Amino acid sequence: MSSLHIFFGEVLGTAVLIVLGTGVVAGVILTKSKSFDAGWVAISFGWGIGVLSGVYVSTQLSGAHLNPAVTLGIAIDSGEWNDVPTYIAGQLVGAIIGAVLMWLAYYGHFQEQLRTLNAESGSRTPGPRAFEEEDAEVEEREPATRGEPGPVLGIFATAPEIRNTVQNLTTEIVATAVLVLLVLGIGLNDGLTLSGTGGLMVALVVVGIGLSLGGPTGYAINPARDLGPRIVHALLPLPNKGGSDWSYAWIPIVGPLAGAAIAAGIHTALF
């Protein structure tokens, strides 16, 4: 595989993964969507199908890593590092493209929901307490200026249900270690690799991770999956979008990379 094949394969596969993965979250969260409130099971399966689709469209070009943590784990296990920057660059570009495509698909829904929120927060009753109410309005909007999560950030990026740095980091490490151990294990099975069943197995384990370990943090398990769409959220002209929660953004980067390194170390030691 040439560097161009690797780059464009990862761009294509990761874009497909992200447009389907963030798309299912948008469908569940945006109130005017037909799939509104479909729940966590729908989200978990949507991400799994996104992985399956991304793998199948890019395997012949790049081997379908689609995840810097997977790329790191394979590099540690194999000792081959030359193409790592190309893989990661393609994955990040693909994640950004996928998030933009999702936004375009749900453009009207984003505008409707965020403008409604803006109208509700801007409604005030005139009276002698007008100045106090104006101060209260400023206080309501302060979280967005402090970089706290905006109302639709969860469609683009992950966020914990309970903010605890050690727990959040541990969750991402454990979940990603499970994923990378499976990926490396599939690499030892020529039958799964040649038949294409390996992609299905990876997709199913992503569903399983979502159902079993996704509750605490939303299971990034992929630095590009979180960082690319988070950048898009920060740059898009969404009304009343709030902050992009950059204070948390390092956890879904460091956690998956650490989990991948641990998994690769275990795999190398055992096999």
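Details of the structure are given in the entry above.
Residues numbered from 1 in each chain as written. Predicted model: local features only at pLDDT ≥ 70, side-chain atom pairs only at ≥ 80, totals over all residues. Heavy atoms only, no water.

Here Ile-29 is to be found in helix α1 (residues 3-29). For Ile-29, a relative accessible area of 30% corresponds to the partly exposed category. Sequence-wise, Ile-29 and Ile-155 are 126 residues apart; in three dimensions their C-alpha atoms are separated by 7.4 Å. Setting aside anything within four residues of it in sequence, one finds Ile-29 in contact with Phe-36, Gln-113, Gly-154 and Ile-155. (Helix = DSSP H or I, 4+ residues; strand = E, 2+ residues; numbered from the N terminus. Buried < 20%, exposed > 50% of the residue type's maximum accessible area, 1.4 Å probe, protein only. Contact = heavy atoms within 4.5 Å.)

The next thing to look at is a nonpolar patch on the surface. A surface patch of nonpolar side chains, amounting to about 540 Å² of accessible area, comprises Leu-20, Trp-40, Val-41, Phe-45, Ile-49 and Leu-211. With 4 residues, the top contributor of residues to the nonpolar patch is helix α2 (residues 40-62). Its location among the elements puts Phe-45 in helix α2. (Patch = residues over 30% accessible without salt bridge, like charges linked within 9 Å, V, L, I, M, F, W, Y side chains within 5 Å. Areas by Shrake-Rupley, 256 points an atom, 1.4 Å probe, with all protein chains shown as cover. Salt bridge = Lys/Arg side-chain N within 4 Å of Asp/Glu carboxyl O.)

Let us look at the packing of aromatic side chains. Scanning the entire structure with this criterion turns up 4 aromatic pairs. Judged by centre distance (5.6 Å) and plane angle (75°), the rings of Trp-103 and Tyr-107 are edge-to-face. Judged by centre distance (5.7 Å) and plane angle (35°), the ring pair of Phe-110 and Phe-156 falls under tilted. On the criterion of sequence distance, the pair formed by Phe-110 in helix α5 (residues 107-122) and Phe-156 in helix α7 (residues 153-156) is long-range, its members being 46 residues apart. Classification of Phe-156 by relative accessible area gives buried; the value is 0%. (Phe/Tyr/Trp six-rings, centres within 6.5 Å; stacked < 30°, edge-to-face > 60°.)

In this section: helix α4 (residues 84-105). Its 22 residues place the ends of α4 32 Å apart at the C-alpha level, agreeing with the 32 Å of an ideal helix rising 1.5 Å per residue. What α4 keeps buried is the set Val-84, Thr-86, Tyr-87, Gly-90, Gln-91, Gly-94, Ala-95, Gly-98, Ala-99, Met-102 and Trp-103. (Expected span 1.5 Å × (residues − 1).)

Okay, unusual backbone geometry next. A positive phi angle, near 45°, is found at Tyr-219, a position not held by glycine. With respect to the helices, strands and loops of the structure, Tyr-219 is situated in the loop between α10 (197-213) and α11 (223-235). Its relative accessible area of 5% is what places Tyr-219 among the buried residues. We note that Asp-245 has phi near 55°; this positive angle belongs to a residue other than glycine. Here Asp-245 is to be found in the loop between α11 and α12 (251-270). On the accessibility criterion, Asp-245 (2% relative accessible area) is buried.

We now examine the packing of helix α3 (residues 68-78) against α4. The N-to-C vectors of α3 and α4 enclose an angle of 165°; their axes lie 9 Å apart at closest approach. In terms of orientation, α3 and α4 fall into the roughly antiparallel class. The element α3 and its partner α4 pack so that their crossing is right-handed. Seen from α3, the contacting residues are Pro-68, Thr-71 and Ala-75; seen from α4, they are Val-84, Tyr-87, Ile-88 and Gln-91. Class assignment of the residues belonging to the contact of α3 with α4 gives a composition of 5 nonpolar, 2 polar and no charged. (Axes fitted to C-alpha atoms, helices over the stretch in contact; angles between N-to-C directions. Parallel < 35°, antiparallel > 145°, perpendicular 65-115°, else oblique. Left-handed = near helix turned anticlockwise from the far one by under 90°. Nonpolar A, V, L, I, M, F, W, Y, C, P; charged D, E, K, R; others polar.)

So far we have only geometry, and geometry alone does not tell us how the molecule works.
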